[in-house]
Every structure is written in structure tokens, then in C-alpha cells.
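Coordinate inspection notes
Below, each chain spelled out in residue letters.
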Amino acid sequence: MLKIHNNLTRQLESFQPIDKKNVRMYVCGMTVYDFCHIGHARVLVVFDVVYRYLCAIYGKEHVSYVRNVTDIDDKIIARANQNGEKIEQLTNRFIKAMHEDADAMGVLRPNEEPRATMHMQQILDMIRTLVEKGYAYAAKNGDVYYDVSKFVGYGRLSGKQLDDLRAGSRVEVDEAKEDPLDFVLWKAAKPGEPSWESPWGAGRPGWHIECSAMSTHCLGTHFDIHGGGLDLQFPHHENEIAQSCAATGDDFVNVWMHNGFVRVDNEKMSKSLGNFFTIREVLKKYAPEVIRYFILSSHYRSPLNYSDQHLDNAKSALTTLYTALRGIIPSKAAADSATRTAFMAAMDDDFNTPLAIAQLFEIAREVNRCRTTDTIKAAALASELLELGGMLGLLQQDAESFLQAGVVDDNGAGLSNQAIDTLIQQRLQARANKDWAGSDRIRDQLKAAGVVIEDGPQGTTWRRQ
RNA sequence: GGCUCGGUAGCAAAGUGGCUAUGCACCUGAUUGCAAAUCAGAGUACGUCGGUUCGACUCCGGCCCGAGCCUCCA
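Rules behind the numbers
Numbering of residues starts from 1 in every chain and runs along the sequence as written. Chain labels run from A onward and ligand labels from 1 onward, assigned in the order the entries are written. Reporting in this predicted model follows two pLDDT cut-offs: at least 70 for local features of residues, and 80 or more for side-chain atom pairs to be given and counted; totals over whole chains, interfaces and linings ignore these cut-offs and use all residues. Water and hydrogen atoms play no part in the side-chain values, which are based on all heavy atoms of the structure. Helix numbering and strand numbering both begin at the N terminus, where a helix is a DSSP run of H or I of at least 4 residues and a strand a DSSP run of E of at least 2. What a helix is expected to span follows from its residue count: subtract one and scale by 1.5 Å. Note on exposure labels: buried denotes an accessible area under 20% of the residue type's maximum, exposed denotes more than 50%, and partly exposed covers the range between, all computed with a 1.4 Å probe on protein chains only. Annotation comment: domain bounds sourced from an automatic or database domain assignment. Whether two strands pair depends on DSSP finding at least two bridges between them. In this analysis the probe radius is 1.4 Å and the grid spacing 1 Å, with only protein atoms considered; a cavity is a set of points the probe fits into but cannot get out of, a pocket is an open set with protein on both sides within 12 Å along at least five of seven lines, and lining residues have an atom within 4 Å of a point. Grid points are joined across faces, edges and corners, and a volume is the space filled by probe spheres set on the points. Any carboxyl oxygen of Asp or Glu that lies within 4 Å of a side-chain nitrogen of Lys or Arg is treated as forming a salt bridge with it.

**Details of helix H13 (residues 375–391)**
The end-to-end C-alpha separation of H13 is 25 Å, in line with the 24 Å expected for 17 residues at 1.5 Å each. Of all the positions in H13, only Ala 378, Ala 379, Leu 381, Ala 382, Ser 383, Glu 384, Leu 385, Leu 388, Gly 389, Gly 390 and Met 391 are classed as buried. Remark: Gly 393 follows H13 within two positions and exhibits a positive phi of approximately 75°.

As C-alpha cells, then:
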């Protein structure tokens, strides 16, 4: 039985889908004006695992996963102006880059990726409803605001009281707002800005309304899971609840999930602090699966400290797992082992991926124990390792390829696979002649080039460090 | 100021009122021409001060330290 920590109640709850034949999840995706950083990678990977696990439980055809793209907002406009390019040009470029990064890390594509600019009708409809129901008002400056005081329960998700928010408010006082906590649904266009026609004049949507409009449009008024980074809990998700519940009169979302931050030197990784690393930057040094493993090696709600040392650790751990798989042809067998049960129990417990990964190592050790003594068992275990790893999006490449893949450095340095094979042949010849000095010289040479040689009963294998 | 969440061995990271987490690193043994890999084994923990309990890393309270939200942010 899957249990999920629901941020709305701050409790672990048994997950009961509204409709088992159509489990629905919406995740707030990226605002596309720059490359994704490791913080974005975490959202991508964490909810990819949630999606995979839901698919494993309910069947792939019974899960609807929607992750939006924000393709119109102040930062996008500013960046496009700065670059002297069209907005669509900028956003399309970064959507493409985001897909490349996500694909590299083995993140499955969601069923839908709605874009704000393609859902203006739904956005305008929802704003109109909110105005008609008295939850929103048009201000003198042409903006339309949501009247926070009208919504009973505002602050529930973030555990905040309206008065407390006002007291500690860092919100700039905006003359047009009736209350500083009111937030914008529709922004009147300034001259030269991109805009859409509306009953309140030309303008563009506020950030929060798009997610309410698109999630309702794609998944209905009331769905199962809504996810995103912890920084979206307030005000973004709080505002979504206010908008959606007020507009539809329905419940909106049952379970709210937020992943913790990625930190650098114990500080939140963020654009404003400038301490972020983009995914593609990190990919120059580490394989994409290493990033994925690193992210899943801690629980999704905990903070995750980014450092080279942690990535190195992830790489070593993954190497151990792939080494167990190397040279074994997996074959499906009746698999209902204790480790498998433990793996599922770990995942059922609010997606405890570190504990689930620990089970992977249990299987790997068992594979190594019996790989020469009981090949049938080893093949069955390998198959199980692949299957469970697959639920985390791990271990899906060919072991040999993973172990021998080199991250090409900028100088194109390093030995080619062919050069390595040649040296290994020379070394084998030396060994046949019991020329240990010559053999070791070649091994040192390879080692210096980052290639590790392993002499086994089945012959010599190699891998890149 | 208000509101959250944490402090576990060298580094990461789970977890439980009494029973080996796990990974990386390190040490010992087996294996190997020597290595590497692998297997077997050892060691190093639960911020601090009290309380509850037969027994607490695990529950309760104080204190110290850290992170986050209250403005855009995944």
C-alpha cells in the first residue's frame, strides 16, 4: 500500500486514487528562459520516479502525468529583449534544451506538456469566472487581482495566517491592490509588451493562474497529486488552491508533494544567489545516470547538498551495481524475493529511494556470490536487479557500455577503445610469456590514461575510471 | 518577529523503544604472477542537558547549531 507525505496535512497518508483507471498528477515545470540547473533536475527526476512507480502499481495506461511549461512571464520578456530575439524563439530553444537534459537523465516524457501561451482561452475563462463570483476585481491600472480575503482557508497549505503574512510582509505595497497579499491574475500590457486581448484590456496572465487553468483543463477540476519544488508551496501553490477551488467549487488536489532544495555549501541553489550548476555543465564531467543516482540517493523531501565528492561517490556506487550485472545474460524467473518485497516496501513508504537502492546492493552482492557457482540463479537475480532498478530509472543501459563510457574531455584526450584493445592484446602476449614487468608496464600506461584492467577467469576486461 | 524542517560513524544516507541498514573511503583475510574486481570479516555513530521507561539514537521537554518560507525561484 503506497503511502505519501501530504504537505496539505503534513502527514503520511495512504494513497487512494480518485479513479484507479486514471490516476492523475500535475507537476509545475520550468519557466523557460535559461538552461535547467541541478535544482530543476531534482524535480524532473523525483517526479519521474513517482510517475514510474504509479505506472508500476496502476499500469502505464492508467496514469496521466502533466508537467507544464511557463512560456510567458516577466523574466522571459526581459531575456528576449536582452538577447534581441523573439519570445517564441527563446522559449522554443530552452524547451528543446530542457528535453535534451531530461532525456539524457532518463526522465520519461509526461503525457502532456501544456504551455501557457497555448491555453489563453482557459486562462481567461477562469479569470472571468473568478470576477463573476466576486473572488477577483479589476483594478484602476487595468490589472485583475485575486481578493485573498474572500477565500476562506487561504494559507492552509503553507501553514500561514493572513495576519501573520501581513505582519512580516516584505511585499511591496502596490497602490492598485486592495490588500498587499492580493495577487495578480491578469497583467495589463505596457507598450511594446506581448499581449492577448481580454475583457479587461490587452495583457498577459499572472503566473499562478496558468497552472490552475491548465491542470483543470488537462486533468479535471479534482485530481490526485500536485507536485513541485518546495519553493512553490507559497505563494504559488497556495494561490492555485485559492483560484481553482473558488472558480470550480470543487476540491482541486488531494495530495500535495514538494521536493527539497538542492544546496551548494549549505545554501539553497538558486538563480539569484548565482550558485547554480546547469545540468549540461555537470554532464561534461559526469554521466547523466550518475546525476540521477545522486538525486535518488537521498529522500526527496530532504535537502540535497551538491558537490563533486558526492557525484564521485554516486559514480563509484553505480559502478559497483553495473559490475555485478556485467557479463550476465538476465533471464526472467519467478521472482518474489525478500529483497524485492523490501524494495517495494521502501517505495511504498513515501518513495524512500535510499532504502530502495540499498536493496539493489543486496541483490548485487547475491549476484556476485553465485555468478560462477549458480549461473541460473545469477541470471534470475540480474533480471530482478534490472527490473527494480528500472522503477528508479537506473541500470537500464548495457553494463559494458556504462563501465567503458568515457566522458570526453575538451582536449579529446584519452585512449580510444581500439587503442585500449591493442594494448590489452600486447599485455596478454606479455603475460603469456610471463613477462610480468612488460605486462605491468602496459597496465600502468592504461591506468595513467584512466583505464582499469581486470584479469578474470573469463579473460581480461577493462573499464574507464 | 511569525511559521516550517533538520542535526546519525571519515564522507554521504536510511531506520527502529531492546535485533547487521546501505554506499563510498579505510583495515584484515580469501582470491590473483602482482593488481583490479569480487567474496568474507573488523572498526568507527546517533548535537547537548534533563525526563519517561526494566531498557532510548528512537518518546517528551529545555538548550545549542544549521537550512528554508513569509518577494521571483524547482
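**Considering the domain arrangement of chain A**
Domain boundaries assigned for chain A yield domain 1 (10–259), domain 2 (264–403) and domain 3 (417–464). Using only C-alpha atoms to locate each centre, domain 1 and domain 3 end up separated by 56 Å.

**Focus on the pairing of strand E1 (residues 3–6)**
Inspection of the sheet shows E1 paired to strand E2 (residues 11–14) by 4 bridges, in the antiparallel sense. Among the inter-strand pairings, Ile 4 is bridged to a residue of E2, identified as Glu 13. The loop that links E1 with its antiparallel partner E2 comprises 4 residues; one of these, Arg 10, has a positive phi angle of about 55°.

**Observations regarding empty space enclosed by the protein**
Tallied over the entire structure, the rule returns 1 cavity of 30 Å³ or more. As a volume, the largest cavity reaches approximately 70 Å³. Along the walls of the largest cavity sit Val 46, Val 49, Val 50, Ile 295, Leu 296, Ser 298, His 299, Tyr 300, Phe 351 and Thr 353, which together make up its complete lining. In terms of residue count, the dominant contributor to the lining of the largest cavity is helix H1 (residues 38–58) (3 residues). For the lining of the largest cavity, the two domains that each supply at least three residues are domain 1 (10–259) and domain 2 (264–403).

**Quick look at the pattern of salt bridges**
Once their charged atoms are close, side chains differing in charge can pair, the charge on each being opposite to the other. With the rule as written, the count across this model stands at 32 salt bridges. Measuring nitrogen to oxygen at the nearest pair gives 2.8 Å for the salt bridge that ties Asp 48 to Arg 52. Residue Asp 48 and its partner Arg 52 are located together in helix H1, separated by 4 residues, close to a single helical turn. Assessed through its relative accessible area of 0%, Asp 48 is described here as buried. The buried category is assigned to Arg 52, whose relative accessible area is 16%. Residues Arg 292 and Asp 48 are paired through a salt bridge, measuring 2.6 Å at the closest nitrogen-oxygen approach. With Arg 292 in helix H9 (residues 288–296) and Asp 48 in helix H1, this residue pair connects regions lying 244 residues apart in the sequence. On the basis of relative accessible area, Arg 292 is assigned to the buried category, the value being 0%.

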